[in-house]
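# Topology and contacts: notes
Chain by chain, the residues:
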Amino acid sequence: MSAPVLALDDVSIRYPGAPAAAVRNVSFEIGTGETLGIVGESGSGKSTLAAAMMGLLPSGSTVTGGLRFEGRDLFGQMTERELRQLRGRDIATIAQDPFTALNPVMKIGRQLDIFQHWYHDRPRAERKARILKMLEQVRLSDPGVRMQQYPHQLSGGILQRVSIAAALLAEPKLLIADEPTTALDATTEAQILGIMAEAKETLRGATVFITHDMSVVERLCDRIAVLYAGELVETGTVAEVLKDPRHPYTKALLECDPARIEEPTSELPTIGGTVPALDDRPAGCIFEPRCPSAVAHCRAEAPKRHDLGPRQSAACHLVTP
Ligand code: SF4
Ligand code: MG
């Protein structure tokens, strides 16, 4: 991998007034051209990590460890102004709810023009042509008409395509997609995932794709980071981890993936129990109350992370290299 675009080194994040950290001791790197899938159920800390990567944690949050973008620590070394510049230029996002991502009182075409910073010294006609081409790439019909419309005139699925177009026009060094299909129906979701898969070819920076869906990771990502209750329980290449998951939580997520079930029955399997609350965390392994493989020792002591290869690791007492 080339020098990482983003490197997390033992990052813990605690919200102001919270009884415990929402993210604990998480480390991983993302390189240029790579797509990292961050997976986990709700409450796993995925969105907290996404907010941290954008420098958008609520004020008063405590961050320890290093979170470096191109070698500069987002929390130690940058002013709020520098962070804003970074978000406007080098880091782009595709949000869960495209309505919140777009300005309600500005026409789509004007908004998209603002996103293409690197092209602002080009003639207007060239910029417009680039936007039209991008709207076609995200398979929007009548791009010329869309450019003249306001967000409220468009459906959620179309707006999400506009958001993807905006992110691609920005040519970000880091793109963060936080469950971009959550608010959409199944057909629209399939279309958006298809567009994201194609967009992968266009993106030259690094991408973080946050999801709870293993089949999305399989389709769109090169590497995976599995989070559970704010801890990184397994990481590796998608090829390795999906073929040979080592952590019981990763195995359970795969067993519950509808796309992987050979003979679907009317009831989908689920992982029994729930993610522990911040103020009710188990003393030993965080997954112990729900783990089908737990042994007595798991209750007493939290497992360390074991390296399984150059870039694969899992935190479980039963995992041996
Ligand atoms: Fe399960 Fe024990 Fe491994 Fe935790 S350490 S995941 S409880 S087997
Ligand atoms: Mg979330």
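Residues numbered from 1 in each chain as written. Chains lettered and ligands numbered in written order. Predicted model: local features only at pLDDT ≥ 70, side-chain atom pairs only at ≥ 80, totals over all residues. Heavy atoms only, no water.

Scanning the protein from N- to C-terminus turns up twelve helices and twelve strands. Here the C-alpha radius of gyration of the protein, 20 Å, is about what a compact globule of 321 residues would show, namely 20 Å. Overall, the protein is about 70 × 50 × 35 Å in size when its C-alpha atoms are taken along their principal axes. In the protein, of all internal contacts separated by at least 6 residues, the share reaching a separation of at least 24 is 63%. If you sum the accessible surface of the protein, you get close to 15400 Å²; carbon and sulfur atoms cover 50% of it. (Helix = DSSP H or I, 4+ residues; strand = E, 2+ residues; numbered from the N terminus. Rg over C-alpha atoms; globule rule 2.2 N^0.38 Å. Contact = heavy atoms within 4.5 Å. Areas by Shrake-Rupley, 256 points an atom, 1.4 Å probe, with all protein chains shown as cover.)

This next bit is on the UniProt feature "domain: ABC transporter" (unreviewed entry) in the protein. Cross-referencing UniProt, the feature "domain: ABC transporter" (unreviewed entry) maps to residues 6-254 in the present numbering. Helix makes up 40% of residues 6-254 and strand 24%, whereas the separation of the span's terminal C-alpha atoms amounts to 27 Å. (UniProt positions renumbered as here; feature names shortened; annotations may be inferred.)

Structurally, L83 is set in helix 2 (residues 80-89). Residues L83 and L56, 27 residues apart in the sequence, show an inter-C-alpha distance of 8.8 Å. With near-sequence residues (within four places) excluded, L83 lies in contact with G55, L74 and M78.

Moving on: the site of ligand 1. Surveying the vicinity of ligand 1 reveals the residues H247, P248, C285, E288, C291, S293, A294, C298, P303, C316, H317 and L318. With respect to the detected pockets, ligand 1 is housed in the largest cavity. Here the shell around ligand 1 is composed, by residue class, of eight nonpolar, three polar and one charged. (Near = heavy atom within 4 Å. 1 Å grid on protein atoms, 1.4 Å probe; cavity = no way out; pocket = protein on both sides within 12 Å on 5 of 7 lines; lining within 4 Å. Sits in = over half its atoms within 2 Å of the grid points. Nonpolar A, V, L, I, M, F, W, Y, C, P; charged D, E, K, R; others polar.)

Mapping T62 onto the fold places it in strand 4 (residues 62-69). Linking T62 and F75, residues 13 residues apart in sequence, is a C-alpha distance of 9.7 Å. In this structure T62 touches S12, I13 and R14, once residues within four positions along its chain are discounted.

We now examine the packing of aromatic side chains. Applying the stated criterion across every chain yields a total of three aromatic pairs. Every member of this aromatic cluster is reached through a ring pair, and the members are Y228, Y249 and F287. The residue whose ring lies beneath R130 is Y119, and the NZ or CZ to ring-centre distance is 3.6 Å. (Phe/Tyr/Trp six-rings, centres within 6.5 Å; stacked < 30°, edge-to-face > 60°. Lys NZ or Arg CZ within 6 Å of the ring centre and 35° of its normal.)

With a probe scaled to a water molecule rolled over the atoms, the places where space remains empty come into view. In the structure shown here, the tally under the stated rule is two cavities of 30 Å³ or more. Approximately 90 Å³ is the volume found for the largest cavity. What lines the largest cavity is a set of 13 residues, among which P248, C285, C291, C298 and C316 lie closest to the centre. Tallied by class, residues from the lining of the largest cavity come to ten nonpolar, three polar and no charged. Roughly 40 Å³ of internal volume is contained in the second largest cavity. Around the second largest cavity sit T35, M196, K200, L203, T207, F209 and L220, which together line it. (Points joined across faces, edges and corners; volume = space filled by probe spheres on them.)

A few words on the environment of A51. Looking at the secondary structure, you find A51 in helix 1 (residues 46-53). A51 sits in the buried class, given a relative accessible area of 17%. Aside from chain neighbours lying at most four places away, what touches A51 is L56 and L57. (Buried < 20%, exposed > 50% of the residue type's maximum accessible area, 1.4 Å probe, protein only.)

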